[in-house]
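Overview (structure and organization)
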Amino acid sequence: MKKNSCISFVFIVLFGLSVQGQSKKWTLEECVKYAIQNNISIKQSELDTKTAAIDKKGAIGNFLPSLNASASHSWNIGLNQDITTGLLRNQTTQFTSAGANVGVDIYKGLQNQNTLRKANLSIVAAKYQLLKMQEDVALNVANAFLQVLFNKENLKVQKEQLGINEKQYARSEELVKAGSIPRGDLLDIKATVASNNQNVIAADNALLISKLSLAQLLQLKDFENFDVVDDTDVKDENNIMAQSAATIYDKAKEGRTELKIARTNLEIAQKNVEIAKGAFQPTLQGFYSFNSRVSYADVPAFDSMGNVIGTRSPAPFFDQFSDNKGQSFGAQLSIPIFNGFSAKNNVERSKVSLERSKIAVEQQDLDLQRNVFTAFADAKGALNAYESSVVALESRQGAYDYAKEKYAVGLMNSFDFNQSQTLLTNAQSDVLRTKYDYIFKIKILEFYFGIPLIKN
């Protein structure tokens, strides 16, 4: 009995967790945070920052000495020179050699220093690109989130309209039986109910597709059970509309990521010019080399007079390695005189890229100004459209209520009544459309003003 109770308790807990997981509704902040952590485009930008960090390690490595070791073992068959005596002998010998070389740049036209500065700027640019991608994804998520909310409310409107028409159809049946309205009006109402059914199906499909779009931005697979909270208040929490377009633009120039990217790319282009100019300057390198060799062939034996009296075995390996070692060191100065215009062309090419970067900064500034002023005008227009649609809906609702009363007593035919009902539905849809359009326009203005979509 106790075992069965434990099993029941575990089942209830697991079932409750399952239901809770399926019934979870995501807020906009949760959606944005999850997308930033899981979106594929953001992960690709994160890889770009890692690549920039690796490039910096390479730039630091240019300051370090280069060390290379080498070793070889060969067999020489036939007439060849004895490395010990220098004489030509017809023999088969084995020969081992080993060496090591060290080189270091003492001066290279400040190219290494400028390459390191460029690598640091590239890391900054990569971070800005990552931030820009996060901002773009956040805006896309906000837009997709609001689209889900719009489709949810639109589905409610269509279902409510369907319910009203179904009740109206039942009421019309009674009026036909009572002789208050002709049977043809009943058929019109029936057709309207069928049309409302189609609208409900279309609205339901639109909601499903919008959930799929948002779930894909979040990299969620279970989009069918995915849902968002119904926070649909139209409000300007940060009072952004109280600001002027010029104020928002001035604020955007200080913090917009796309401007920071353009300015950083300009600095990188300036470093490329300096690196290219460094090729005109002399380079000074220091070097050190060590080498030794070992032979495995028998060596001639000489008497006191210098005559060959036979051969003897070669000295031990490490003795030969110590006796035959050699070292060299010094410095090498290289002065560029003519290189087929390669260095000059690289400088000219870098200067062209620098001019492009300057133009890109100016263009980005112009684009930002146009986007801010356009967004501000769009937000004002969206607010006016929303307020007008609310007034229109109130009028259409009153007209519909009056038409329903006239239709109930037979003072209006079904065609005119359906027209009034259609106008009401259109007014409801306009309110929804303008409401979410205004909310998104406000989000864009806040975005330019530096107000994040989510709190850090």
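Parameters at a glance
The residue numbering used here restarts from 1 in each chain and proceeds along that chain's sequence as written. Thresholds applied to this predicted model are a pLDDT of at least 70 for local features of residues and 80 or more for the giving and counting of side-chain atom pairs; totals over whole chains, interfaces and linings are not thresholded and use all residues. Side-chain metrics rest on all non-hydrogen atoms present in the structure, leaving aside hydrogens and water. Going along the chain from the N terminus, every DSSP run of H or I of four or more residues is numbered as a helix, and every run of E of two or more is numbered as a strand. Throughout this description, buried means an accessible area under 20% of the type-specific maximum (1.4 Å probe, protein chains only), exposed means over 50%, and partly exposed covers the range between. Pairs of residues are marked as contacts when any of their non-hydrogen atoms sit within 4.5 Å. The Shrake-Rupley method, run with a 1.4 Å probe sphere, supplies the accessible areas, and residue values consider only the shown protein chains as cover. Each patch is built from salt-bridge-free residues with over 30% relative accessible area, joining like charges within 9 Å and nonpolar side chains (Val, Leu, Ile, Met, Phe, Trp, Tyr) within 5 Å. Salt bridge, as used here, is a side-chain nitrogen of Lys or Arg placed within 4 Å of a carboxyl oxygen of Asp or Glu. Residue count minus one, scaled by 1.5 Å, sets the expected span of a helix. Polar contact is the term for a pair of N or O atoms within 3.5 Å; when the atoms are in protein, one must be able to donate a hydrogen and the other to accept it, and sequence-neighboring residues count only if both atoms are side-chain atoms. In this analysis, axes come from line fits to C-alpha atoms, helices being fitted only over the stretch in contact, and the angle between any two N-to-C directions falls in the range 0 to 180 degrees. Throughout, the term roughly parallel applies to angles under 35 degrees, roughly antiparallel to angles over 145, roughly perpendicular to angles from 65 to 115, and oblique to all others. Helix crossings are classified by the rotation of the near helix relative to the far one: an anticlockwise turn of less than a right angle makes the crossing left-handed, while a clockwise turn makes it right-handed. Residues are grouped as follows: Ala, Val, Leu, Ile, Met, Phe, Trp, Tyr, Cys and Pro are nonpolar; Asp, Glu, Lys and Arg are charged; all remaining types, including Gly, are polar. Within 6.5 Å between ring centres, the rings of Phe, Tyr and Trp (the latter by its six-membered ring) count as paired, and their orientation is classed by plane angle as stacked under 30 degrees, edge-to-face over 60, tilted in between. A ring is scored as having a charge over it whenever the NZ atom of a lysine or the CZ atom of an arginine sits within 6 Å of its centre and within 35 degrees of its normal. For this analysis, a nonpolar core means a set of buried residues of the types Ala, Val, Leu, Ile, Met, Phe, Trp, Tyr and Cys, connected via side-chain atoms within 4.5 Å.

Right, let's get into the overall build of the protein. A tally of regular secondary structure across the protein gives ten helices and six strands. Counting all 456 residues of the protein, 34% fall into the buried class. Expressed as a percentage of contacts within the protein between residues at least 6 apart in sequence, the contacts between residues at least 24 apart total 81%. Total accessible area computed for the protein in this model is approximately 27300 Å², and 55% of it derives from carbon and sulfur atoms.

In this section: a nonpolar patch on the surface. On the surface, a nonpolar cluster with roughly 640 Å² of combined accessible area is contributed by L333, I335, I337, F338 and F341. Here F338 lies in the loop between β6 (326-334) and α9 (342-408).

What follows is about the pattern of salt bridges. Where charged atoms of side chains with opposite charge meet at close range, the side chains can pair. Counted under the stated rule, the structure contains twelve salt bridges. With its nearest N and O atoms 3.0 Å apart, the salt bridge here joins R256 to E135. Residue R256 is located in the loop between α6 (245-255) and α7 (257-277), and its partner E135 is located in helix α4 (residues 111-178); the two are separated by 121 residues in the primary sequence. Each member of the pair, R256 as well as E135, is classed as buried. A salt bridge links D367 to R370, with the shortest nitrogen-to-oxygen separation between them at 3.1 Å. Here R370 and D367 lie together in helix α9, a separation of three residues that amounts to about one turn.

The next subject is helix α10 (residues 414-449). For the α-helix, the turn length of 3.6 residues means that residues three or four positions removed from each other point alike. Here α10 contains 36 residues, and its C-alpha end-to-end distance of 52 Å stays within 8% of the 52 Å for a straight helix at 1.5 Å per residue. The buried fraction of α10 is high, at 26 of 36 residues. The first or second residue beyond α10 is G450, which carries a positive phi of 95 degrees.

For helix α3 (residues 40-61), built from 22 residues, the straight-helix expectation of 32 Å at 1.5 Å per residue is met to within 8% by its first-to-last C-alpha distance of 32 Å. Where α3 begins, one side-chain oxygen reaches toward the backbone nitrogen of S41, 3.0 Å away; that side chain belongs to N39.

On to the packing of helix α5 (residues 183-217) against α10. At their nearest, the axes of α5 and α10 sit 9 Å apart, and the two run at 25 degrees to each other. As far as their axial angle goes, α10 and α5 are roughly parallel. The way α5 lies across α10 gives a crossing that is right-handed. Every residue of α10 that contacts α5 at D185, D188, I189 and T192 is listed here: S414, F417, N418 and Q421. Residues of the contact of α5 with α10, tallied by class, amount to two nonpolar, four polar and two charged.

Below, the discussion takes up the packing of aromatic side chains. The full count for this structure, using the stated rule, is seven aromatic pairs. When the ring of W26 is compared with that of Y34, the centres are 5.2 Å apart and the planes differ by 85 degrees; the resulting orientation is edge-to-face. The class for Y34 is partly exposed, based on a relative accessible area of 26%. Directly above the ring of F447 sits R256, whose terminal nitrogen or CZ lies 4.1 Å from the centroid.

It is worth spelling out the nonpolar core at this point. Counting residues in hydrophobic clusters, the biggest one holds 56 residues, and the most contacted among them are L214, L218 and Y448. Residue assignment for this core shows that the elements contributing at least two residues are α2 (28-38), α4, α5, α6, α9 and α10. With 15 residues, the top contributor of residues to this core is α4. Not counting chain neighbours up to four residues away, the residues in contact with L218 comprise W26, C31, Y34, A35, N38, V141 and F226.

What follows covers the side chain of N114. Inspection of the secondary structure assignment puts N114 in helix α4. What N114 contacts, discounting residues up to four positions off in sequence, is K271, E274 and I275.

Before going further, it helps to spend a moment on the environment of G255. Mapped onto the elements, G255 comes out in helix α6. On a C-alpha basis, the gap between G255 and Y448 in space is 8.4 Å, while along the polypeptide they are 193 residues apart.

Topologically, S97 is positioned in strand β2 (residues 88-108). Among the polar contacts listed, one links the side chain of S97 to the side chain of S72, at a separation of 2.7 Å. Excluding residues within four positions of it along the chain, S97 makes contact with S70, A71, S72, S292 and R293.

Turning our attention to the environment of E394. If you trace the backbone, E394 turns up in helix α9. Accessibility expressed as a relative area gives 57% for E394, which makes it exposed.

Turning our attention to unusual backbone geometry. Note: most peptide bonds trans; most residues except glycine with negative phi. The backbone of Q219 sits at a positive phi, close to 60 degrees, despite the residue not being glycine. Mapped onto the secondary structure, Q219 falls in the loop between α5 and α6. Of note, F341 is a non-glycine position whose phi angle comes to about 65 degrees, a positive value. Inspection of the secondary structure puts F341 in the loop between β6 and α9.

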